[in-house]
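If you want the building blocks of each chain, they are given just below.
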Amino acid sequence: MHSALTVRRAGAGDIERLSQVHVLCWQETYRGMLSDAFLAAVDPAGRLRLWRHLLDRPEPAEAWVACDGGTVVGFAGARRLPAPGSPEGHPPPSSGDLELWGLYLLASHQGLGLGGRLLEAAIGTSAASLWVAAGNSRAIGFYRRFGFEPDGAEDVLADWENLPEIRMVRPAQHFL
């Protein structure tokens, strides 16, 4: 069924498909947490501008894509937070300045190991933080399997129908 599952660095050639996958993943992930009207109104052009900004430049952002037979089906991105804290105005996470700013897979490709491979590509075993919708128990469970735990920081995305989110952190992993 899914014979050629790969993870690779995202490039400028992925921009259009990434913008489409980003919108589809949001619609699948946040169904039931956000209104159908909100999800239907997500502007693909906004995601296209974002991905152009991230990837169509001399030093592209740190982003990876999951592919099935060459077709992008998900992505992950990481960044270094500006000192001294997170853009949300919260105290800096105990895990340091590495943040996983996004990890999404189409529902059709979840449960195949691609999420773990994207996470590994984006942050390896480094200490890191991330924000996740407080009501997204599947994602919270996924991140827990990779050593992340809530650190008590919470926020509300006002532009997203006041969607509550929590920060999760992972200390550095030490493997023998």
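Before any of the text, the structure's been laid out above.
Rules used throughout
Residues numbered from 1 in each chain as written. Predicted model: local features only at pLDDT ≥ 70, side-chain atom pairs only at ≥ 80, totals over all residues. Heavy atoms only, no water. Helix = DSSP H or I, 4+ residues; strand = E, 2+ residues; numbered from the N terminus. Rg over C-alpha atoms; globule rule 2.2 N^0.38 Å. Buried < 20%, exposed > 50% of the residue type's maximum accessible area, 1.4 Å probe, protein only. Areas by Shrake-Rupley, 256 points an atom, 1.4 Å probe, with all protein chains shown as cover. Lys, Arg positive; Asp, Glu negative; His and termini not counted. Charge placed at Lys NZ, Arg CZ, Asp CG, Glu CD. Core = buried A, V, L, I, M, F, W, Y, C linked by side-chain atoms within 4.5 Å. Arc of directions from axis to C-beta. Contact = heavy atoms within 4.5 Å. Phe/Tyr/Trp six-rings, centres within 6.5 Å; stacked < 30°, edge-to-face > 60°. Lys NZ or Arg CZ within 6 Å of the ring centre and 35° of its normal. Salt bridge = Lys/Arg side-chain N within 4 Å of Asp/Glu carboxyl O. Pairing = 2+ DSSP bridges. Axes fitted to C-alpha atoms, helices over the stretch in contact; angles between N-to-C directions.

Novice: Any chance you could explain the overall build of the protein here in plain terms?
Specialist: Looking only at helices and strands, one finds 5 helices and 7 strands in the protein. Counting from the amino terminus, the protein carries its helices and strands in the arrangement β-α-α-α-β-β-β-α-β-α-β-β. On C-alpha atoms alone, the protein measures out to a radius of gyration of 16 Å, which is about the 16 Å that the 2.2 N^0.38 rule sets for 176 residues. Its C-alpha atoms give the protein principal-axis dimensions of roughly 45 × 40 × 35 Å. Each of the 176 residues in the protein was classed as buried or not, and the buried ones make up 48%. Working note: accessible area of the protein is about 9,100 Å², and carbon and sulfur atoms make up 53% of it. Distance between charge centres in the protein, computed from 16 positive and 20 negative side chains, equals 5 Å.

Novice: Explain the nonpolar core to me, please; I cannot follow it from the model alone.
Specialist: Taken as a class, soluble globular proteins show a tendency for nonpolar side chains to be buried jointly. Among the nonpolar cores identified, the biggest contains 52 residues, and Y30, L100, I123 and Y143 are the most heavily contacted of them. Per-element accounting of this core gives the leading share, 6 residues, to helix α1 (residues 15-29).

Novice: Would you take a moment to explain helix α5 (residues 137-145) for this structure?
Specialist: Each α-helix turn comprises 3.6 residues. Residues three or four places apart therefore point the same way. All of the buried residues along α5 are A139, I140, F142 and Y143. All buried residues of α5 project into a common sector of 160° when viewed along the axis, lining one side. Exposed side chains of α5 directed beyond 90 degrees from the buried face belong to S137, R138 and R145. Those residues of α5 that are buried are in contact with β4 (98-105), α4 (114-123), β5 (128-133) and β7 (163-170). Phi turns positive one or two residues past the end of α5, at G147, with a value near 90°.

Novice: Explain the environment of G102 here, please?
Specialist: Relative to the elements of secondary structure, G102 occurs in strand β4. Assessed through its relative accessible area of 7%, G102 is described here as buried. Separated by 25 residues in the primary sequence, G102 and G77 place their C-alpha atoms 5.4 Å from one another.

Novice: Is there a simple way to think about the packing of aromatic side chains in this case?
Specialist: One pass over the full model with this rule turns up 11 aromatic pairs. Here the aromatic rings of F75 and Y104 are separated by 5.6 Å at their centres, their planes lie at 40°, and the arrangement is tilted. Here Y104 lies in strand β4 and F75 lies in strand β3 (residues 71-80), a separation of 29 residues in the sequence. Like Y104, F75 is buried. Three or more aromatic residues joined by ring pairs make a cluster, and in this case those are W26, Y30, F38, W51, F75, W101, Y104 and W160. Between R9 and the ring centre of W64, over which it is positioned, the NZ or CZ distance is 4.9 Å.

Novice: Honestly, the pattern of salt bridges in this entry has me stumped. Any pointers?
Specialist: Any two side chains of opposite charge can pair, so long as their charged atoms come close to each other. Considering all chains together, one arrives at 7 salt bridges under this definition. R31 is the salt-bridge partner of D36, the closest N and O atoms lying 4.0 Å from each other. Across the pair, R31 and D36 agree in class, each one exposed.

Novice: Sorry if this is basic, but what is going on with unusual backbone geometry here?
Specialist: Residues other than glycine predominantly adopt negative phi, and peptide bonds predominantly adopt the trans conformation. Phi angles above zero are rare outside glycine, and E161 is one such case at about 55°. As for its position among the elements, E161 is in the loop between β6 (149-157) and β7. E161 sits in the partly exposed class, given a relative accessible area of 40%.

Novice: How should I be thinking about the sheet that holds β5 in this particular structure?
Specialist: Strand pairs in the sheet, formed through backbone hydrogen bonds, run parallel or antiparallel to each other. Ordered by their spatial adjacency, 7 strands build an open sheet running β1-β2-β3-β4-β5-β7-β6, and the pairing between neighbours is mixed. Looking at the sheet topology across the chains shown, the edges are occupied by β1 (5-9) and β6. Going from strand to strand, the sheet's axes swing by 25° on average, the running direction of each strand aside. Helix-sheet contacts for α4 involve β1, β2 (62-68), β3, β4, β5 and β7, and the interaxial angle to β4 is about 155°. Contacts between α5 and the sheet are confined to β4, β5, β6 and β7, with β5 contributing the most and set at about 160° to the helix.

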